[in-house]
Amino acid sequence: MTEASPGPEDLLGGRGAAALGLTGAAVLNALPLPVLTIGPDERILHCNHAAESFFDSSARLMQRRQLRDIIPFASPIIALVAEVRRRSSSVSEYRVELVQPRSGHERSVDVFATALGDNGEAVVLMLQERTIADKMNRQLTHRGAARSMVALGAMLAHEIKNPLAGIRGAAQLLEQSGAEEDRILTRLICDESDRIVRIVERMELFGDERPVERGAVNVHGVLDQVKRSAQSGFARHIRFIETYDPSLPPVLGNRDQLVQVILNLVKNAAEAIGADTVDGEITLSTAFRTGLRLQVPGSRERVSLPIEVAVRDNGPGITAELLPDLFDPFVTTKAQGSGLGLALVAKIVGDHGGIVECDPVPRRTTFRLLLPMSSARDGRESVVEAE
C-alpha cells in the first residue's frame, strides 16, 4: 500500500513546514526564490529559507504575522492576492516596488501568485528580485554600445588622424614665425590635436576583433600587480585593503586584458577619491558566488559566473542620473576625461562572457566583475600556481 502524497487540504490544515510535508518543504527550501503561503485570514502559513533571508526574519516569527506585517498595506501585492482569490487562478505582476515596513529596505520584484486548493482561499506567492534580470539587461546594453564603437573607432582612425596631423604641422610652422601672444594659440592647437589623437587611438581598441588567447588566470596575481602599479604612481596617497577568498579557483581569461580592466577601475577609484584626500581607501576583494549564468557572445553556450572581483572606494559616489549610462562611450564626470575607460571595461568583460556592474552607495562606490571559472578539458577545475 502506497502512502498518499499531501494534498491542498493538508497545506491548509496546519502551519509551517509540517503542513507541507517533508518532501514539499524540502523542495520549497531548495528554491532560490522567496516563496510564501498565505492563508484565508492573511496569515503566513509557510515560508521557505529564501523568504527568511529576503525578509530577514525566521520562519517561526513570520508564521505569527499576517501579510500586511511584512508588506505595506498599499502595496500592489495585497491587491494581487485578492485578485487571485477572486479569480481562483494565477496572476503575475512585474517591477513591483516593495518597501519592507520594518527595515525600510526598498526592492524591485516580480511577483507570481497562484491559488492553492479547490476553494482558492490560500495563495502561494513567489518573489523574484529584479537584480539578476537587470544585470542581464544592462550587460546586453553595454555589449551593444561597445559593438557600435567598433565601426565608429575604425572610421575615426582613418578620417580624423590624417587631417589632424596636417593641422598640427601647420600650427607648428605658425608657432615658429608668430608673435609671443600667437604662440599661445598655436600651442593650444597642438595640445588639443594631440588630445583628439589619443581619444581616437583609444577608440581603435574597440575595433580589435582578433581572437585573444585565454586560459587559467590567478586573479589574485592580477590584483597584486595592479595594486603595486597604483601604489607606485597615481594612488601612492591611498590605503589599500585586501579581502580575498584564498580558495578562489582560476578565472578563464586573458591576463593582460584583466590587468587593463582592473587597473582602469582602480585609477577611476583613485581619481574619485581625489589627490588631496588624506583618508582615501580602496578595497580589493574576491569571492565565490553561485547561481548566475550568462550566454557567451557568439555561442549558444551558457556559462556560470561564480568568480566575483570587486573594487570599492570611499569617494563621493556616482549620481543616480549618471548610473544608467555609466558604461556608454563618452559618459564621464571628469573635466579632462574621454569617457571611454568604462566603455572599454564593459567590452573586455563582455568578451570574457562576464558582467560588470556598479553599486553606487555614497562613500562606498563598488564596481563588481562577475567572471567565468576556468575548467580543464575534461570538465575538472583548473589549477594555477600562485603568482
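Residues numbered from 1 in each chain as written. Predicted model: local features only at pLDDT ≥ 70, side-chain atom pairs only at ≥ 80, totals over all residues. Heavy atoms only, no water.

Asks: Residues and numbers for helix H11 (residues 341-351), please.
Replies: In terms of residue burial, H11 counts as a mostly covered element, since 10 of its 11 residues are buried. Turning to H11, its buried residues number three or more, namely Gly341, Leu342, Ala343, Leu344, Val345, Ala346, Lys347, Ile348, Val349 and Gly350. After H11 finishes, the residue Gly353 shows a positive phi value of roughly 80°. (Buried < 20%, exposed > 50% of the residue type's maximum accessible area, 1.4 Å probe, protein only. Helix = DSSP H or I, 4+ residues; strand = E, 2+ residues; numbered from the N terminus.)

Asks: Tell me about the sheet that holds strand E14 (residues 364-371), and please be specific about residues and values.
Replies: Strands belonging to one sheet form pairs held by backbone hydrogen bonds; the direction of such a pair is parallel or antiparallel. The five strands are arranged E7-E9-E12-E14-E13 in an open sheet whose pairing can be described as mixed. In this open sheet, the two edge strands, each paired with only one partner strand, are strand E7 (239-243) and strand E13 (355-361). Going across the sheet, the axis of each strand differs from the next one's by a mean of 15°, ignoring polarity. In this sheet, strand E12 (residues 307-313) lies alongside strand E9 (residues 281-288) in antiparallel orientation, the contact comprising seven bridges. Across the sheet, residue Thr286 finds its bridge partner in E12, namely Val309. With respect to the sheet, helix H10 (residues 255-273) is in contact with E7, E9, E12 and E14, its orientation differing from that of E12 by roughly 25°. (Pairing = 2+ DSSP bridges. Axes fitted to C-alpha atoms, helices over the stretch in contact; angles between N-to-C directions. Contact = heavy atoms within 4.5 Å.)

Asks: An account of H10 is needed here, citing residue identities and associated values.
Replies: Helix length check: H10 (19 residues) gives 27 Å between terminal C-alpha atoms against 27 Å at 1.5 Å per residue, within 8%. Considered for burial, the residues of H10 that qualify are Gln257, Leu258, Val259, Val261, Ile262, Asn264, Leu265, Val266, Asn268, Ala269, Ala270 and Ile273. Capping the start of H10, Asn254 holds a side-chain oxygen 3.2 Å from the backbone nitrogen of Asp256, two or three residues further along. Positive phi appears at Gly274, one or two residues downstream of H10, with a value of about 100°. (Expected span 1.5 Å × (residues − 1). Polar contact = N/O pair within 3.5 Å; in protein donor to acceptor, adjacent residues only side chain to side chain.)

Asks: Quick one: what's the story with the side chain of His220, residue by residue and with numbers?
Replies: Along the chain, His220 falls in helix H9 (residues 219-231). Judged by relative accessible area, His220 falls into the buried class, the value being 17%. The contact partners of His220, leaving out residues within four places of it in the chain, are Tyr244, Asp245, Pro246, Leu248 and Thr286.

Asks: Describe the pairing of E12, with residues and values.
Replies: Remark: a regular strand shows side chains that alternate across the two faces of the sheet. Counting buried residues along E12, six of its seven residues qualify, which places the element largely inside the surrounding structure. Here E12 runs beside E14; their pairing, made up of seven bridges, is antiparallel. Its bridge partner being in E14, Val309 is matched across the sheet by Leu369.

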